[in-house]
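Each chain, written out:
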Amino acid sequence: MVLGALRSAGSRGRTLEELSAHEDLAAPLHGAEWLSEALERLEESGFVVRSKGRWLVVEESRFRRGVYRRVQRKLGVVEVEPAAGKGQRLRQLSIRERDRAGARDGDVVLVRRVMGKPEAAPHPLGAVTRVLTRRRERLVALVDGSGSGPPTLRTFDPRLRHDARDADIKPGKVKKLAGHWVAVAGSEGKSGELVGRIEKVLGEQAAPGVDVDVIVHHHEIPADFPDEVLADAAQAAGEEISERPRKGPRRSNLVRTPTVTIDGISAKDFDDAISVSRLPRGGFRLMVHIADVAHYVQLGSALDLEARRRGTSVYFPERVVPMLPPVLSDDVCSLRPDELRYAMTVDMTFDERGRRTGERFFNSLIRSDRRMTYPEVARFLEGDEGVRAELPGELVEMLDVAGELVRLLDQQRWRRGALQFERGGGGSEISIGPDLEVLRREAVSSASQRLIEEFMLVTNETVATVLHADEAARRADELAVTPGVHLYRHHPVPDASDIVEAWSQLVPDDPPLDASLSAEDLLEELARRGRELGREDLAQQLLMRALTRAVYTAASRGHFALALDHYCHFTSPIRRYPDLVMHRRLKELIASRRSQRRGRAPKAPTAGEAGLSPRSAGQLAAELSKLEQRAESAERDLRKWRVVRHLAQRLEEERGAGGRRRGKSSARQRRLEIDGVVTGALDFGLFVQLDGYGVDALLPVDALDDDWYELARSGLEFVGRSSGRRFQLGDRLRLRLREVDEPRRRINVELAD
């Protein structure tokens, strides 16, 4: 209300007296004291500012909210939040060291524009006026005893200063921790040093698995469950599962229906199972059974609030930080083979072309007949007689039908214009273990993963479409019960206009792309030309640059990449909170339809409990989107860190063995070679994604020593001044390791030829 009243005043703003007299904020209704307190809180959060006795929303002032990012030792940027309702693109301001006001990487700050633009700053200059929210008050650091002086604390985040000291622990005690990772509660001192206290010793830096603890603490991911949550989980798990349950909703007994789960080899939490069959009169029936987590996690309970706080499970190669306690995630909720489990079943029918013709939803009781893996199903679909011989006849028949249906669904998907993402990397994926050993896993035939992917996609779409229709009908009916919180998955339509110019600059001999085409048609044309010209990697990189992240939203706004009007996450409630929210909505719909058939009034949704009111749905969606991004960043950071340490070890071993391999230098150098594809360019070099490893390395411009190379105006390629030789986005290069910087987790490469 306060923000609305201020926004309506525009750049003129309002005085406290004018706000008090506003029709929505009349003092007799709210009280002047309430209004003053509300303005102070909004000012502290950076949403409003006070200027010459008048209050303005921040976007109407010379200040902006944003997130500070440190990019160099003495230079940072603030990603400025777009003004509400104005649709402007995110802008960036460069922040010099003297103008950051103590801001640290990730802090939410208030910033203003200042005059000047030094050459080292890539954006207009700004100055931080106030830190609004600290990203973290705790940091992870390595106790570094390598110097001649007392040990220092070297922060894990390479964008922060490395010089640090401990304020509360005596130097002798710190010295004993040399070479250990520690969690530090601290802040920056006047000279930029870290001042704080060591809260927890995570472990010796070379100990296997300590890197996971470092990542978990660095991203502030809650690892341990509070006692109250564990007690809730134990009580929920203690309920007996039987074919005749004494409490809970009515369930369809599907125990004798052939059912399998298909997951990765190391999976422990089995969210989904499938049953597939042919219909007597033609077509297909697909039943997707999803673990009934909502039965065990009651809204507003300690267990529920903890799951919401975590948002998602976080997956590392040899460890999972789960959203739910293991007694639920790995046991009672998990659809393990030969055990009775409660589920929610989405029962769908399809015609001979793979078009959905009907759907039903119900609570169910199932028993999985077999736990299958992606490699096993891949071999089955490829006709491996050994795998087929091991399976009961009813499962062989079911998987054959599943293979037919997934091909039809695949055709429907591409027919409606969904994007197709190509995988690079030469057909293998390299994973680095905790001992820095290489775990090379050949890429499984995509047929098995695509089977489950297609079945889950159509399930998510079906649930989203039906729940959206119900939600819209209820909102249109003034007498209907107000619908509860819905969380949809939204992937925005990209601004593909930059692709047209980039394609013309990078492929000048090809006719220009038609800028008048819709985003869907333009990207389809881009993919076609990439295939025809043998420039698939370039087309793929341009596509990825155009796309933005998918996020959760409270309203259904479509999913561009899947070419769907309505989409949600429903099929993984063990590991994702948004799925659990939609399970509750579907349960309400099932109960409502049952009540209507019996002539009873449907019950009001329980979404108002625990802060989950419809009014807060947008805030919840944004919160869960951020938690998802945190999990992805943690998983990506561990992967990058292990790759860096592994390659540094390789480089050291090869260089150390150089003296013993005289006469074999060419063979030794080939051992350090790797292929990659150019993913970006800045004035100091090219970023290249290394095949198999899935991480970026830098090819510095000074390593291109056969000519003087300059970054083209497009910012997508380097061009040799004399030779005209080009290195551009999407190019595949043969590279050699040049240098690995472990503390900053950077990999430098050079051309192998």
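Conventions and cut-offs
Residues numbered from 1 in each chain as written. Predicted model: local features only at pLDDT ≥ 70, side-chain atom pairs only at ≥ 80, totals over all residues. Heavy atoms only, no water. Helix = DSSP H or I, 4+ residues; strand = E, 2+ residues; numbered from the N terminus. Buried < 20%, exposed > 50% of the residue type's maximum accessible area, 1.4 Å probe, protein only. Contact = heavy atoms within 4.5 Å. Areas by Shrake-Rupley, 256 points an atom, 1.4 Å probe, with all protein chains shown as cover. Pairing = 2+ DSSP bridges. Axes fitted to C-alpha atoms, helices over the stretch in contact; angles between N-to-C directions. Parallel < 35°, antiparallel > 145°, perpendicular 65-115°, else oblique. Left-handed = near helix turned anticlockwise from the far one by under 90°. Nonpolar A, V, L, I, M, F, W, Y, C, P; charged D, E, K, R; others polar. Patch = residues over 30% accessible without salt bridge, like charges linked within 9 Å, V, L, I, M, F, W, Y side chains within 5 Å. Salt bridge = Lys/Arg side-chain N within 4 Å of Asp/Glu carboxyl O. Lys, Arg positive; Asp, Glu negative; His and termini not counted. Charge placed at Lys NZ, Arg CZ, Asp CG, Glu CD. pLDDT = per-residue confidence, 0-100. Arc of directions from axis to C-beta. Polar contact = N/O pair within 3.5 Å; in protein donor to acceptor, adjacent residues only side chain to side chain. Phe/Tyr/Trp six-rings, centres within 6.5 Å; stacked < 30°, edge-to-face > 60°. Lys NZ or Arg CZ within 6 Å of the ring centre and 35° of its normal. Core = buried A, V, L, I, M, F, W, Y, C linked by side-chain atoms within 4.5 Å.

**Observations concerning the overall build of the protein chain**
What the protein chain contains, in helices and strands, is 20 helices and 33 strands. Buried positions account for 50% of the 753 residues belonging to the protein chain. Pairs at least 24 residues apart make up 65% of the contacts formed inside the protein chain by residues separated by at least 6 positions. By element, 47% of the accessible surface of the protein chain is carried by carbon and sulfur atoms, the whole surface being about 37,000 Å².

**Details of helix α17 (residues 536-546)**
An α-helical turn contains 3.6 residues, so any two residues separated by three or four positions project in the same direction. Residues Leu538, Ala539, Gln540, Gln541, Leu542, Leu543 and Ala546 constitute the buried set of α17. Elements in contact with the buried residues of α17: α15 (497-506), α16 (519-533), β26 (673-682) and β31 (726-728).

**Considerations on the sheet that holds strand β29 (residues 709-711)**
The antiparallel open sheet is built from three strands, whose spatial order is β29-β30-β31. Either end of the sheet is taken by a strand with one partner, and the two such strands are β29 and β31. The average angle at which neighbouring strand axes cross in this sheet is 20°, direction not considered. Bridge analysis of β29 against strand β30 (residues 717-720) gives three bridges, and the strand direction is antiparallel. Paired with Glu710 across the bridge in β30 is Val719.

**Quick notes on the pairing of strand β9 (residues 152-155)**
Side chains Leu153 and Thr155 of β9 all project onto a buried face; the interleaved residues Thr152 and Arg154 project onto a face where none is buried. Note: strand β8 (residues 138-144) against β9, four bridges, orientation antiparallel. Its bridge partner being in β9, Asp144 is matched across the sheet by Thr152.

**So, the pairing of strand β5 (residues 91-96)**
Strand direction decides the pairing type here: strand β4 (residues 75-80) and β5, joined by six bridges, are antiparallel. In the sheet register, Glu79 faces β5, and the bridge partner there is Gln92. Sheet topology places β5 next to strand β7 (residues 125-133); two bridges connect them, and they run parallel. Considered in β7, the bridge of Ser94 is made with Leu125.

**Let's talk about the packing of helix α6 (residues 210-218) against helix α19 (residues 617-656)**
Geometry of a packed helix pair, given as the angle between the helix axes and the separation of the axes. One way to put it is that α6 packs onto α19 with a least axis distance of 10 Å and a crossing angle of 140°. Classified by the interaxial angle, the pair formed by α6 and α19 is oblique. The hand of the α6/α19 crossing is right-handed. In this structure, α6 contributes Asp211, Val212, Val214, Ile215 and His218 to the contact, and α19 contributes Ala634, Asp637, Leu638, Trp641, Arg642 and Arg645. In the contact of α6 with α19, the residues fall into six nonpolar, one polar and four charged.

**A word on a positive patch on the surface**
A cluster of basic residues, Arg250, Arg593, Arg597, Arg598 and Arg600, forms a positive patch on the protein surface. Among the secondary structure elements, Arg597 is positioned in helix α18 (residues 577-597). Since its relative accessible area comes to 63%, Arg597 is described here as exposed.

**A word on the sheet that holds strand β3 (residues 63-72)**
An order of β3-β4-β5-β7-β6 is seen for the five strands of this closed barrel, with the pairing classed as mixed. For this sheet, the mean inter-axis angle between neighbouring strands, taken without regard to orientation, is 50°. Pairing of strand β6 (residues 108-113) with β7, which is carried by six bridges, proceeds in the antiparallel orientation. Note that in β7 the partner of Arg113 across the bridge is Gly126.

**A closer look at the confidence of the model for the protein chain**
For the protein chain, the mean per-residue pLDDT works out to 84, and 85% of the residues sit at or above 70. Of the regions scoring below 50 in pLDDT, residues 84-90 engages in 12 contacts with residues more than four places distant in sequence or in other chains. The low-confidence segment residues 607-612 (pLDDT under 50) makes 18 contacts with residues lying over four places distant or belonging to another chain.

**Let's talk about a negative patch on the surface**
Taken together, Asp338, Asp369, Glu394 and Glu397 make up a surface patch of like negative charges. Structurally, Asp369 is set in the loop between β20 (356-367) and β21 (370-373). Residue Asp369 is classed as partly exposed on the basis of its relative accessible area of 31%.

**Observations regarding helix α7 (residues 227-237)**
Listed in full, the buried residues belonging to α7 are Val229, Ala233, Ala236 and Ala237. Along the axis of α7, the buried residues cluster in a sector spanning 95°; they form a single face. Exposed side chains of α7 directed beyond 90 degrees from the buried face belong to Asp227, Glu228 and Gln235. Where α7 is buried, its residues touch α8 (293-296), α9 (302-310) and α10 (326-332).

**Section: the side chain of Glu239**
Here Glu239 shows up in the loop between α7 and β13 (252-253). At 3.0 Å, the side chain of Glu239 and the side chain of His295 are in polar contact. Setting aside chain neighbours within four positions, we find Glu239 in contact with Lys247, His295, Tyr296 and Tyr342.

**Details of the packing of aromatic side chains**
As enumerated under the stated definition, the model contains six aromatic pairs in all. For the ring pair Phe684 and Phe687, a centre distance of 6.2 Å and an interplane angle of 85° mean the geometry is edge-to-face. The partly exposed category is assigned to Phe684, whose relative accessible area is 41%. In this structure an aromatic cluster arises from ring pairing among Phe156, Trp181 and Trp641. Here the basic side chain of Arg251 rests over the ring of Tyr342, its NZ or CZ set 4.1 Å away from the ring centre. Above the face of the Trp641 ring, Arg645 is positioned so that its terminal group lies 4.8 Å from the ring centre.

**A look at the environment of Glu40**
Here Glu40 lies in helix α4 (residues 32-44). Along the primary structure Glu40 and Arg50 are separated by 10 residues, whereas in three dimensions their C-alpha atoms are 9.8 Å apart.

**Description of the pattern of salt bridges**
If you walk through the whole model with that rule in mind, you get 52 salt bridges. The salt bridge partner of Asp144 is Arg154, with a shortest N-O separation of 3.8 Å. Residue Asp144 is located in strand β8, and its partner Arg154 is located in strand β9; the two are separated by 10 residues in the primary sequence. The structure contains a network of salt bridges with shared partners spanning Glu673, Asp675, Asp702, Arg734, Arg736, Arg738 and Glu750.

**What about the nonpolar core?**
One finds Ile262, Ile274, Val276, Leu286, Phe455 and Leu586 to be the most contacted residues of the largest nonpolar core, which totals 45 residues. Those elements giving two or more residues to this core turn out to be β14 (260-263), β15 (272-278), β16 (284-291), β19 (340-350), α11 (374-381), α13 (393-415), α14 (446-476) and α18. For this core, the element with the highest residue contribution is α13, accounting for 10 residues. Grouped together as the second largest cluster of nonpolar side chains are 44 residues, Tyr296, Ala302, Ala343 and Ile574 included.

**Points about the environment of Ala681**
Counting through the fold element by element, Ala681 comes out in strand β26. Sequence separation between Ala681 and Ala712 is 31 residues; the distance between their C-alpha atoms is 9.6 Å. In contact with Ala681, not counting residues within four places along its chain, are Leu686, Leu711, Gly715, Leu716, Glu717 and Phe718.

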